Amino acid sequence: MKRILLIGIGAGDPDHITVQAIKALHRVDVFFLLDKGPAKEGLVDLRRMLCERFISGRSYRFVTADSPEWSRSGPDYGAAVDGLNQDKQAIFERLIREEMLEGETGGVLIWGDPSLYDSSIRIMERLAAGTLGIEYEVFPGISSLQALTARHKTTLNRIAKSVEITTGRRLAAAYPPDADSVAVMLDSEFVAKRYADRDLEIYWGAYIGTADEILIAGKLAEVADRIDAVRQQARQEKGWIMDSYLLKQPDK
Ligand SMILES: C[S@@+](CC[C@H](N)C(=O)[O-])C[C@H]1O[C@@H](n2cnc3c(N)ncnc32)[C@H](O)[C@@H]1O
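Just so you know, these numbers come straight off a predicted model, no measurement behind them. Per chain, residues are indexed from 1 in the order of the written sequence. Where totals are concerned, whole chains, interfaces and linings use all residues; where local detail is concerned, this predicted model gives features only for residues with pLDDT of at least 70, and gives and counts side-chain atom pairs only at 80 or more. Side-chain calculation: all heavy atoms of the structure are included, whereas hydrogens and water are not.

A. Fine view of the site of the ligand. Any residue with a heavy atom positioned within 4 Å of a molecule or strand is treated as near that molecule or strand. In the region of the ligand, 16 residues are neighbours, and Ala 11, Leu 116, Ser 144, Asp 243 and Ser 244 sit closest. One of the backbone nitrogen or oxygen atoms of Ala 11 is found 2.7 Å away from a nitrogen atom of the ligand. Polar contacts here mean pairs of N or O atoms no more than 3.5 Å apart (in protein, one a potential hydrogen donor and the other a potential acceptor; neighbouring residues in sequence count only if both atoms are side-chain atoms). Residue Ser 244 places a side-chain N or O atom 2.8 Å away from a nitrogen atom belonging to the ligand. Here, Shrake-Rupley sampling with a 1.4 Å probe gives the accessible areas, and only protein chains in the shown set may cover a residue. With the chains in place, 89% of the 570 Å² that the ligand exposes on its own is no longer accessible. Taken together, the residues of the shell around the ligand sort by class into nine nonpolar, five polar and two charged. Annotation comment: domain bounds sourced from an automatic or database domain assignment. There are two domains that each give the shell around the ligand at least three residues, and those are domain 1 (2–139) and domain 2 (144–248). By the convention adopted, Pro, Cys, Tyr, Trp, Phe, Met, Ile, Leu, Val and Ala count as nonpolar, Lys, Arg, Asp and Glu as charged, and the other residues, Gly among them, as polar.

B. Spotlight on the sheet that holds strand S5 (residues 134–139). A sheet is described by the order of its strands in space; here five strands give the open sequence S3-S2-S4-S1-S5, paired in parallel fashion. Since the sheet does not close on itself, it has two edges, and those belong to strand S3 (61–66) and S5, each with one partner. Between one strand axis and the next, the sheet turns through 25 degrees on average, direction left out of account. Two strands form a pair only when DSSP identifies at least two bridges running between them. Counting from the N terminus, the helices are the DSSP runs of H or I reaching at least four residues and the strands are the DSSP runs of E reaching at least two. Relative to strand S4 (residues 105–110), strand S1 (residues 2–8) is paired through six bridges, and the arrangement is parallel. Its bridge partner being in S4, Ile 4 is matched across the sheet by Gly 106. We call two residues in contact when some of their heavy atoms are within 4.5 Å. Interaxial angle, 0 to 180 degrees, is taken between N-to-C directions of lines fitted to C-alpha atoms, where a helix line uses only the stretch in contact. Helix-sheet contacts for helix H3 (residues 77–99) involve S1, strand S2 (30–35), S3, S4 and S5, and the interaxial angle to S2 is about 150 degrees. Together, S1, S4 and S5 form the strand contacts of helix H4 (residues 120–129), whose direction differs from that of S5 by roughly 160 degrees.

C. Region of the structure containing the pattern of salt bridges. What makes a salt bridge here is a side-chain nitrogen of Lys or Arg within 4 Å of a carboxyl oxygen of Asp or Glu, nothing more. Within the structure shown, the criterion is met by 16 salt bridges. Across the pair Glu 104 and Arg 61 runs a salt bridge whose closest N-O atoms are separated by 2.8 Å. Taken as a pair, Glu 104 in the loop between H3 and S4 and Arg 61 in strand S3 lie far apart in primary sequence, 43 residues in all. Taking relative accessible area as the criterion, Arg 61 reaches 32% and is therefore assigned partly exposed. Salt-bridge contacts for Arg 94 lead to Glu 98; the nearest nitrogen and oxygen are separated by 3.7 Å. On the criterion of helical spacing, the pair formed by Arg 94 and Glu 98 is a turn pair, its members being four residues apart in helix H3. Buried, partly exposed and exposed residues are distinguished by accessible area as a fraction of the type maximum, computed with a 1.4 Å probe on protein chains only: under 20%, between the cut-offs, and over 50%, respectively. Judged by relative accessible area, which is 56%, Glu 98 ranks as exposed. Among the charged side chains, a network of salt bridges with common partners joins Arg 3, Arg 27, Glu 135 and Glu 137.

D. Examining the domain arrangement of the protein more closely. You can read the domains of the protein as domain 1 (2–139) and domain 2 (144–248). Summarising the inter-unit geometry, the C-alpha centres of domain 1 and domain 2 are found 27 Å apart. Roughly 1,200 Å² is buried in total at the junction of domain 1 and domain 2, and carbon and sulfur atoms are behind 70% of that figure. Where domain 1 meets domain 2, there are zero salt bridges. Put simply, domain 1 and domain 2 have zero residue pairs in polar contact (both at pLDDT 80 or more) between them. Note on definitions: buried area is the accessible-area loss of two parts on being combined, 1.4 Å probe, summed for both.

E. Structural view of the sheet that holds strand S6 (residues 163–167). As summarised here, the arrangement of the five strands in space is S6-S7-S10-S8-S9, forming an open sheet in which the pairing is mixed. Of all strands in the sheet, those bounded by a partner on one side alone are S6 and strand S9 (214–219). Each adjacent strand pair in this sheet contributes to an overall mean axis angle of 15 degrees, direction not counted. As judged from the five bridges shared by S6 and strand S7 (residues 181–185), these two strands associate in the parallel manner. Looking across to S7, one finds that Val 163 is bridged to Ser 181. Its contacts with the sheet put helix H7 (residues 220–238) on strand S8 (201–206), S9 and strand S10 (243–248), and the angle it makes with S9 is roughly 160 degrees.

F. Structural view of the nonpolar core. Here, nonpolar core means buried Ala, Val, Leu, Ile, Met, Phe, Trp, Tyr and Cys residues that are tied together by side-chain atoms lying within 4.5 Å of each other. With 43 residues, the main nonpolar core has Ile 7, Leu 171, Ile 202, Tyr 245 and Leu 247 as its most contacted residues. Per-domain counts for this core show at least three residues from each of domain 1 (2–139) and domain 2 (144–248). Once you skip the residues sitting within four places of it in the chain, Ile 7 turns out to touch Ala 21, Ala 24, Leu 25, Val 28, Val 108, Leu 109, Ile 110 and Phe 139. Ile 91, Ile 123, Leu 127 and Ile 134 belong to the second largest nonpolar core, which has 19 residues in total.

If you want it as structure tokens, here you go:
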């Protein structure tokens, strides 16, 4: 039997790794890394660094594969994501077949928490139901939203109210009608700017937990332009941006 551990590693701060995740790292013989090209090699480097820093008294190896290409901007986003996940599934299937010995344990280091906007659990579920004969386990990580709220010293929800976690794409389609707080991820455009006429507070963060972290908070109407400008400049300088934000009604 081959076994795969999906290990949440936090969203950028190496200190966010849990004791449970460190114990899981010590069970892994081979770590699978998906390489997203030179611009994002820091994300692969962080995974290697976590292994060097936290694993002791055990040998392990890395196997790297190129992450599949895909485009967010095509006409059918859902089909593009499905295609991406099928390609990723094919890559993991090959890696498990060809790069693991029977009885070995493989590790996939998942950015943030594996349950939040990450396809690895779905992929492993499908692979485990197929002919590979694998089992898998999931270890939670500190998500980017937990890191965001901690850095801003705020809560996701207001007292006894709801919070909706959504994407920039969905926020662009409509402001969630029933949500009290709205947490937004995967927003390449900073869609919140379109809602600047609403009485909302925003807690925004980019590269949270890393040396490049940027945080801005305030009334949306007052800080939206500044956030837009700062994120555009950061994206230009670094080549990519990873940001999230929380929109809250003001407490009266
Ligand atoms: C594919 S999702 C992965 C989320 C991850 N599983 C988690 O638990 O945070 C990527 C999105 O997470 C958010 N994100 C991840 N890391 C972040 C960070 N260090 N700072 C701000 N946002 C981050 C961004 O919204 C980004 O577009």
